[in-house]
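# Geometric and topological summary
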Amino acid sequence: MKVCLKAGRGLELRSLRLAEAEPLFALVAANRGRLRRWLPWVEDTRTVDDSRAYILRMQAQAKAGVGLTFGLWWKERLIGVAGFTWIAQAHRGAAIGYWMAQDAEGRGHMTAAVSALLRHGFRELGLHRIEIRAGVRNRRSRAIPRRLGFRHEGTLRQAEWVDGRFVDHAVYGLLASEWAER
Ligand SMILES: CC(C)(COP(=O)(O)OP(=O)(O)OC[C@H]1O[C@@H](n2cnc3c(N)ncnc32)[C@H](O)[C@@H]1OP(=O)(O)O)[C@@H](O)C(=O)NCCC(=O)NCCS
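Read on for an overview of the structure. Quantities reported herein were computed from a predicted structural model and do not represent experimental measurements.

## Considering the nonpolar core
Leu13, Phe84, Ile96, Met110, Val114 and Leu118 are the most contacted members of the largest nonpolar core, which totals 36 residues. If you list the elements that add at least two residues to this core, you get strand S1 (4-8), strand S2 (11-15), strand S3 (68-74), strand S4 (77-88), strand S5 (93-100), helix H4 (109-124), strand S6 (129-135) and strand S8 (165-175). If you look at the next biggest cluster of nonpolar residues, it comprises 17 residues, including Leu16, Leu39, Ile55 and Val167.

What follows is the structure in structure tokens.
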């Protein structure tokens, strides 16, 4: 099922389609240098076929109800990806992940996209808890859950091997009751 979420100011989150593998790969390739510092899959994304395989995996995840990933569209241009990287139905919990092109940074697009994901997650999917994990030194990523009222719950030490080093993760959580009170 295709889902489209409006995030305001002309920003839309749309289910990824196989036909979008080329623009998606082009976006990863153009931003490879900065994305690889924080995202382990960047190293393994070497051809358009890798992006095709990724989109197929995301479609299968969505069908199974264990994830929900969107292309981020602004002025009919693909500028990034955001979504629920995992959904645990039994616990009504999920995690949000995101990345965006460098030339789209600094305008509040990702904060608006994550806000739309929170609305969808709590209202439509009936989630109870949503978390975001960000590298402790990833200032821009950490600012997003902070801006949206998440609580900083702690640090997972050396949680992820990425770009040749272990990265500590700051964990942020938001409960449905906290979101409803805002
Ligand atoms: C993480 C990432 C998506 C954050 O991008 P971003 O542009 O900082 O985030 P937003 O789109 O929400 O924009 C926020 C910026 O826009 C500004 N802004 C302008 N209008 C705004 C508005 N209406 N609402 C919120 N912020 C606004 C904010 O002040 C902030 O800029 P500042 O940091 O210079 O103060 C981006 O840096 C990225 O893709 N990084 C590489 C991949 C990555 O690290 N992913 C996360 C892994 S955990």
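## What to know about the pattern of salt bridges
Counted according to the given criterion, the structure contains 15 salt bridges. Two residues, glutamate 12 and arginine 14, come together in a salt bridge whose shortest N-O distance is 3.0 Å.

## Structural notes on the side chain of histidine 169
Here histidine 169 shows up in strand S8. For histidine 169, the side chain forms a polar contact with the side chain of glutamate 160, separated by 3.0 Å. Once you skip the residues sitting within four places of it in the chain, histidine 169 turns out to touch Arg133, Ala134, Gly135, Val136, Gly154, Thr155, Leu156, Ala159 and Glu160.

## Some words on the site of the ligand
Among the 23 residues in the neighbourhood of the ligand, the closest are listed as Glu105, Gly106, Thr111, Asn138 and Arg140. Within the side chain of arginine 34, a nitrogen or oxygen atom sits 3.5 Å from an oxygen atom of the ligand. A distance of 2.7 Å is found between an oxygen atom of the ligand and a backbone nitrogen or oxygen belonging to glycine 106. For the ligand, whose free accessible area comes to 940 Å², the fraction covered by protein is 74%. At the level of secondary structure, the elements contributing two or more residues to the shell around the ligand comprise helix H2 (32-35), S5, H4, S6 and helix H5 (139-147). By residue number, the principal contributor to the shell around the ligand is H5, which donates five residues. Taken together, the residues that form the shell around the ligand break down as nine nonpolar, six polar and eight charged.

## Here's the deal with the layout of surface pockets
A probe matching the size of a water molecule, rolled over the atoms, marks out where space remains unfilled. If you add up the space inside the second largest pocket, you get close to 300 Å³. Surrounding the second largest pocket, 14 residues form its lining, Met1, Ser15, Ala62, Lys63 and Leu68 being those nearest its centre. Among the elements of the structure, helix H3 (48-64) and S3 are those that each provide at least two residues to the lining of the second largest pocket. No other element matches the five residues that H3 contributes to the lining of the second largest pocket. The residue makeup of the lining of the second largest pocket, split by class, is eight nonpolar, four polar and two charged.

## What about the side chain of histidine 120?
When you line up the elements, histidine 120 lands in helix H4. Setting aside chain neighbours within four positions, we find histidine 120 in contact with Val3, Leu5, Leu68 and Leu125.

## Regarding unusual backbone geometry
For residues besides glycine, phi is generally negative; the peptide bonds are generally trans as well. Even without a glycine there, the phi angle at arginine 9 is positive, about 50 degrees. Residue position: arginine 9 is located in the loop between S1 and S2. With a relative accessible area of 55%, arginine 9 lands in the exposed category. The backbone phi angle of glutamate 76 is positive, close to 60 degrees, even though this residue is not glycine. With relative accessibility at 58%, the residue glutamate 76 sits in the exposed group.

## Side note on the environment of isoleucine 132
Positionally, isoleucine 132 belongs in strand S6. Among the residues examined, isoleucine 132 registers a relative accessible area of 0% and is labelled buried. As a C-alpha pair, isoleucine 132 and alanine 170 span 38 residues in sequence and 8.3 Å in three-dimensional space. What isoleucine 132 contacts, discounting residues up to four positions off in sequence, is Ile96, Tyr98, Val114, Pro145, Phe150, Ala170, Val171 and Tyr172.

Calculation notes
- Each chain has its residues counted from 1, running along the sequence as written.
- For this predicted model, a pLDDT threshold of at least 70 governs which residues receive local features, and a threshold of 80 or more governs which side-chain atom pairs are given and counted, while totals over whole chains, interfaces and linings are taken from all residues.
- The side-chain quantities take in all heavy atoms of the structure and omit both hydrogens and water.
- Take the buried residues of types Ala, Val, Leu, Ile, Met, Phe, Trp, Tyr and Cys, join any two whose side-chain atoms come within 4.5 Å, and each joined set is a nonpolar core.
- Burial classes: relative accessible area under 20% of the type maximum marks a residue as buried, over 50% as exposed, and values in between as partly exposed (1.4 Å probe, protein chains only).
- The secondary structure listing takes helices from DSSP runs of H or I that are at least 4 residues long and strands from runs of E that are at least 2 residues long, numbered from the N terminus.
- Salt bridge, as used here: a side-chain nitrogen of Lys or Arg that lies within 4 Å of a carboxyl oxygen of Asp or Glu.
- Contacts described as polar in this section are N or O atom pairs within 3.5 Å, which, within protein, must combine one atom able to donate a hydrogen with one able to accept it, while residues neighboring in sequence count only if both atoms come from side chains.
- Residues are treated as being in contact if the distance between any of their heavy atoms lies within 4.5 Å.
- Proximity criterion: a residue is near a molecule or strand once any of its heavy atoms comes within 4 Å of it.
- Residue burial considers only the protein chains on display, and all accessible areas are found by Shrake-Rupley using a 1.4 Å probe.
- The residue classification treats Ala, Val, Leu, Ile, Met, Phe, Trp, Tyr, Cys and Pro as nonpolar and Asp, Glu, Lys and Arg as charged. All others, Gly included, are polar.
- The definitions used throughout rest on a 1 Å grid laid over the protein atoms alone, on which a cavity is an enclosed set of points accommodating a 1.4 Å probe that cannot get out and a pocket is an open set flanked by protein within 12 Å on both sides along at least five of seven lines; lining residues are those having an atom within 4 Å of a point.
- Grid points are joined across faces, edges and corners, and a volume is the space filled by probe spheres set on the points.

Note that every value here comes from positions in space, so none of it alone points to a role or purpose.
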